[in-house]
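Coordinate analysis (summary)
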Amino acid sequence: MLVILAGVAGAGKDTIAKAIIQRMENVISIPSFTSRAPRADDVPGVSYNFVSKEEFERMIADGELYEYDVHHENYYGTSRKLLNERIESGKIIIKDIDVNGTEALVELLKEDTKVVTIFLRVPKDELKRRLENRIDHLSPKEIQLRLNRFDYEESKIGIYDYVIKNDNLEKTLSIIETIIEKEYKLYKAK
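All of these numbers come straight from a predicted model, not from anything done at the bench. (Residues numbered from 1 in each chain as written. Predicted model: local features only at pLDDT ≥ 70, side-chain atom pairs only at ≥ 80, totals over all residues. Heavy atoms only, no water.)

Re the overall build of the protein
Here is the rule we go by: Secondary structure follows DSSP: runs of H or I at least 4 residues long count as helices, runs of E at least 2 residues long count as strands, and numbering of each begins at the N terminus. What the globule rule says is 2.2 Å times the number of residues to the power 0.38, and the radius of gyration is computed from C-alpha atoms. Exposure categories follow from relative accessible area, calculated using a 1.4 Å probe and restricted to protein chains: below 20% of the type maximum is buried, above 50% is exposed, and the middle band is partly exposed. Contacts were defined at the residue level, with two residues in contact if any of their heavy atoms lie within 4.5 Å. By the counting scheme adopted, Arg and Lys are positive, Glu and Asp are negative, and His together with the chain ends is not counted. Taken as the charge centre is NZ of Lys, CZ of Arg, CG of Asp or CD of Glu, depending on the residue.
Broken down by element type, the protein carries 8 helices and 9 strands. For 190 residues, the compact-globule formula gives about 16 Å, and the C-alpha radius of gyration of the protein, at 16 Å, lands near that figure. Along the first, second and third principal axes, the C-alpha set of the protein runs to 50 × 40 × 30 Å. Scored against the burial criterion, the 190 residues of the protein give a buried share of 47%. In the protein, 68% of the contacts between residues at least 6 apart in sequence involve partners at least 24 apart. Across the protein, the 30 positively charged side chains and the 34 negatively charged ones have centroids separated by 3 Å.

Describing the packing of aromatic side chains
Both the distance between ring centres and the angle between the ring planes are used here to describe each pair of aromatic rings. Condition: The pairing test for Phe, Tyr and Trp rings, Trp by its six-membered ring, is centres within 6.5 Å, and the orientation test on the planes gives stacked under 30 degrees, edge-to-face over 60, and tilted for anything in between.
The full count for this structure, using the stated rule, is 7 aromatic pairs. For the ring pair tyrosine 184 and tyrosine 187, a centre distance of 6.2 Å and an interplane angle of 45° mean the geometry is tilted. With tyrosine 184 and tyrosine 187 both in helix α8 (residues 169-189) and 3 residues apart, this pair spans about one turn of that helix. Note on tyrosine 187: relative accessible area 31%, which makes it partly exposed. Taken together, the ring pairs in this structure connect Tyr48, Phe50 and Tyr76 into an aromatic cluster.

A word on the nonpolar core
Defined as follows: Buried Ala, Val, Leu, Ile, Met, Phe, Trp, Tyr and Cys residues form a nonpolar core when they are joined through side-chain atoms within 4.5 Å.
Counting 29 residues, the largest nonpolar core has Val3, Ile20, Ile118, Ile176 and Ile180 as its most contacted members. Looking at this core, the elements that each hand over two or more residues are β1 (2-6), α1 (13-23), β7 (92-96), β8 (115-121), α5 (124-132), α6 (140-148), β9 (162-165) and α8. Each residue touching isoleucine 118, except ones within four places of it in the same chain, is listed here: Val3, Ile4, Leu5, Ala6, Tyr160, Tyr162, Ile164, Ile176 and Ile179. Counting 17 residues, the second-largest nonpolar core is a separate cluster that includes Leu2, Phe33, Tyr75 and Leu82.

Focus: the side chain of threonine 113
Looking at where threonine 113 falls in the secondary structure, it is placed in the loop between α4 (99-109) and β8. For threonine 113, a relative accessible area of 10% puts it in the buried group. Apart from residues no more than four positions distant in its own chain, threonine 113 is found in contact with Leu2 and Ile87.

Examining the packing of α1 against α8
For clarity, the threshold we go by: Lines fitted to C-alpha atoms define the axes here, with helix axes fitted over just the stretch in contact, and angles between the N-to-C directions of these axes take values from 0 to 180 degrees. Oblique is the label for every angle not falling under 35 degrees (roughly parallel), over 145 degrees (roughly antiparallel), or within 65 to 115 degrees (roughly perpendicular). Left-handed is the label given to a crossing in which the near helix is rotated counterclockwise from the far helix by less than a right angle, and right-handed is the label when the rotation is clockwise. Under the scheme applied here, ten amino acids are nonpolar (Ala, Val, Leu, Ile, Met, Phe, Trp, Tyr, Cys and Pro), four are charged (Asp, Glu, Lys and Arg), and all others, including Gly, are polar.
Remark: α1 packs on α8, axes separated minimally by 10 Å, with the N-to-C direction vectors making an angle of 60°. If you check the angle between α1 and α8, you find them oblique. When you trace α1 past α8, the crossing you get is right-handed. Residues Thr15, Ile16, Ala19, Ile20 and Arg23 of α1 form the contact with α8, whose participating residues are Leu169, Glu170, Thr172, Leu173, Ile176, Glu177 and Ile180. A per-class count over the contact of α1 with α8 returns 7 nonpolar, 2 polar and 3 charged.

Okay, here's the thing in structure tokens:
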């Protein structure tokens, strides 16, 4: 089963994915590939798989990705090989991804894999505050790039199974744990 967490940059996807993995024993992650440079708190192979822009473009040309997109001037994408290996492990996979990637993965995997989609909502003023206070210190240009996608990403809420207002971390984690447990039971019952 694949659980997709989406929402605008700063909605808390990464924080929530890490916490769910710590709290639920059968849940693992799948890091995206990206052409962006690692940040101070990134762990290669855990946060992301970091490759050059040229390597990413080779992966696209060779059909190695289920989906990819350009965000904030960098490529991001999901490896076919890595995702298939994780699916075959029988564990619950949690992946944070953008709205375009969500649509692509749901379309590609819906016949073969149970996919549960969750969108994390954050009010725009709260999002701006979070972006300004991030530990990786985004530049004003980077903050504006992320805020510019807000309306577009919010316009895609209708494609998600669940929409959660992420204004309280513990409450959000509890809701997502309940969703995963419920969906996994339904998936295993089939």
